[in-house]
Amino acid sequence: MSTNISFREATPEDTSAIFGLFLFSVRDLAYRQGTRAVNDGRDPEVIAAVWKQRQSMFEHLARTAHHYWVAERDETLLGYARSIRRDDMLELTEFFVSPDAQSSGIGRELLRLAFADERARLRTVIASTDVRAQSLYLKAGVYPLFPIGHFSRPAQQTLIDSDLRFEPMDNSPATLVILGELDATVLGYRRDVDHQWFFGNREGFLAYRGGVAVGYGYVSRGFGSGPFALLEPADYPAVLAHAETMAARSGQTEFILQAPLINRSAVQYMLGRGYRLDPSFMFFMSDGGADLMDRYLITGPPYFM
């Protein structure tokens, strides 16, 4: 590694450069893999438009980060890595090195700084299929457990007969207790701080069977819904039909979901309803198991679970 490369903890002043690097790196990966780019690289107008969509989530991850490091040379940003810790789970949310500075040891050091925590029971990452990043993740001890697909369709009102009752969420201590219990069962950890962010940025609902809460879901106001967690995978058709109806009534034209492909109930429903499956995939990687991930849909866009 070049001796004039330095590493330091990120500050709020780094946000603009970090977001620009993120967009340019995603575009470069899409180009190399022959998939569609979601942005135009370093075009200031495109960066501003995408930032408007994702600013709130990006700032939430920065505010609640456990580790957040940048690499630079002569005050020029070369890469960054960020992780969050929820209970005893450590998740790498972002890990990007400028295409001009890859294969120089920067990624290895950033990953060491942001993704090592001996107190964490579980480490996870939603990873791209980039082979260089995959190699570093494998060396760090996390392994792919299943792929994640990007599904979408024009939002339409729809209904499936079910014994479920749906109620809008409110931002109350009682709701957080319910969500925490569902997360502890399905994911294995609580994440109240994330639900507080969801409350302010998405429309949430709880699914009840009788008087018992059996799941929840969030419908985004723009660029990817989720997460969804259910105690019973078979309830996904009714829950997703309800969520799509919410999206259509709010005026959304496109309903977008990120689904673990081991969630057979959700995948079969979406394909049967004509959802498009994007050619690009991501992988859920972990140094633990994924026993109940057949009843979960990822937060979209897929920065974190």
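Residue indices begin from 1 for each chain and proceed along its sequence in written order. For a predicted model such as this one, the threshold for reporting local features is a pLDDT of at least 70, and the threshold for listing and counting side-chain atom pairs is 80 or more; totals across whole chains, interfaces and linings nevertheless cover every residue. The side-chain numbers reported here are obtained from all heavy atoms of the structure, hydrogens and water having been left aside.

Q: Could you give an account of the sheet that holds strand 7 (residues 165-168), with specific residues and numbers?
A: For two strands to be treated as a pair, DSSP must find no fewer than two bridges joining them. Counting from the N terminus, the helices are DSSP H or I runs at least four residues long and the strands are E runs at least two residues long. Strand order in this open sheet of five strands is 7-8-9-10-13, and the pairing throughout is antiparallel. Looking at strand neighbours, the two that pair on one side only are strand 7 and strand 13 (296-297), the edges of this open sheet. Two elements, strand 8 (residues 202-209) and strand 9 (residues 212-220), share eight bridges in a ladder whose sense is antiparallel. The residue of strand 9 that forms the bridge with Arg202 is Ser220. The contact criterion used is simple: two residues touch if any of their non-hydrogen atoms lie within 4.5 Å. Axis definition: a line fitted to C-alpha atoms, over the contacting stretch in the case of helices. Angles run 0 to 180 degrees between N-to-C directions. Sitting on the sheet, helix 5 (residues 173-186) touches strand 8, strand 9, strand 10 (228-230) and strand 13, and the angle it makes with strand 9 is about 95°.

Q: Mind laying out the pairing of strand 2 (residues 65-73), listing which residues take part and the relevant values?
A: Bridge analysis of strand 1 (residues 5-9) against strand 2 gives five bridges, and the strand direction is antiparallel. Within strand 2, the position partnered with Ser6 by the bridge is Glu72. In this structure, strand 2 lies alongside strand 3 (residues 76-86), joined through eight bridges in antiparallel fashion. The residue of strand 3 that forms the bridge with Glu72 is Leu77.

Q: Can you lay out the sheet that holds strand 5 (residues 122-127) for me, pointing to particular residues and giving the numbers?
A: Reading across from one edge, 1-2-3-4-5-12-6-11 is the order of the eight strands in this open sheet, with mixed pairing throughout. Two strands in the sheet have a free side with no partner beyond their single neighbour: strand 1 and strand 11 (254-260). Averaged over all adjacent pairs, the angle separating strand axes in this sheet is 20°, with direction ignored. Bridge count for strand 3 against strand 4 (residues 89-97) is eight bridges, and the pairing is antiparallel. Looking at strand 4, one finds that Ile84 is bridged to Glu91. Packing against the sheet, helix 2 (residues 44-63) makes contact with strand 2, strand 3 and strand 4, and its axis sits at approximately 75° to strand 3.

Q: How would you explain the packing of aromatic side chains if you had to name every residue and give the values?
A: The criterion for an aromatic pair is that two Phe, Tyr or Trp rings (for Trp, the six-membered ring) have centres within 6.5 Å, with stacked assigned to planes under 30 degrees apart, edge-to-face to planes over 60 apart and tilted to the rest. Summed over all chains, the structure comprises 17 aromatic pairs. Between Phe19 and Trp51, the aromatic rings sit 4.9 Å apart at their centres with planes inclined by 70°, giving edge-to-face as the arrangement. Of this pair, Phe19 sits in helix 1 (residues 15-33) while Trp51 sits in helix 2, and the two are 32 residues apart along the sequence. Here the two residues Phe19 and Trp51 agree in accessibility, since each one is buried. Centroid distance Phe198 to Phe304: 6.1 Å. Interplanar angle 5°. Geometry classified as stacked. Taken together, the residues span a long stretch of sequence, with Phe198 in helix 6 (residues 192-201) and Phe304 in the segment after strand 13 at a distance of 106 residues. Each of the two residues, Phe198 as well as Phe304, counts as buried. We call a charge positioned above a ring when the Lys NZ or Arg CZ atom is no farther than 6 Å from the ring centre and deviates by at most 35 degrees from the ring normal. The cationic tip of Arg82 hangs over the ring face of Tyr68; the distance from NZ or CZ to the ring centre is 4.4 Å. Exposed residues in this analysis have more than 50% of their type's maximum accessible area, buried residues have under 20%, and partly exposed residues fall in between, with area computed by a 1.4 Å probe over protein chains only.

Q: Help me get a handle on unusual backbone geometry, residues and values and all.
A: Excluding glycine, most residues fall at negative phi; most peptide bonds, likewise, are trans. Along the chain, Gly226 connects to Pro227 via a cis peptide bond; the corresponding omega equals 5°. The residue Pro227 is located in the loop between strand 9 and strand 10 in this model. Of note in the backbone geometry, Asp74 takes a positive phi value of approximately 50° without being a glycine. Positionally, Asp74 belongs in the loop between strand 2 and strand 3. Positive phi is not limited to glycine here, since Glu75 has a value of about 65°. Relative to the elements of secondary structure, Glu75 occurs in the loop between strand 2 and strand 3.

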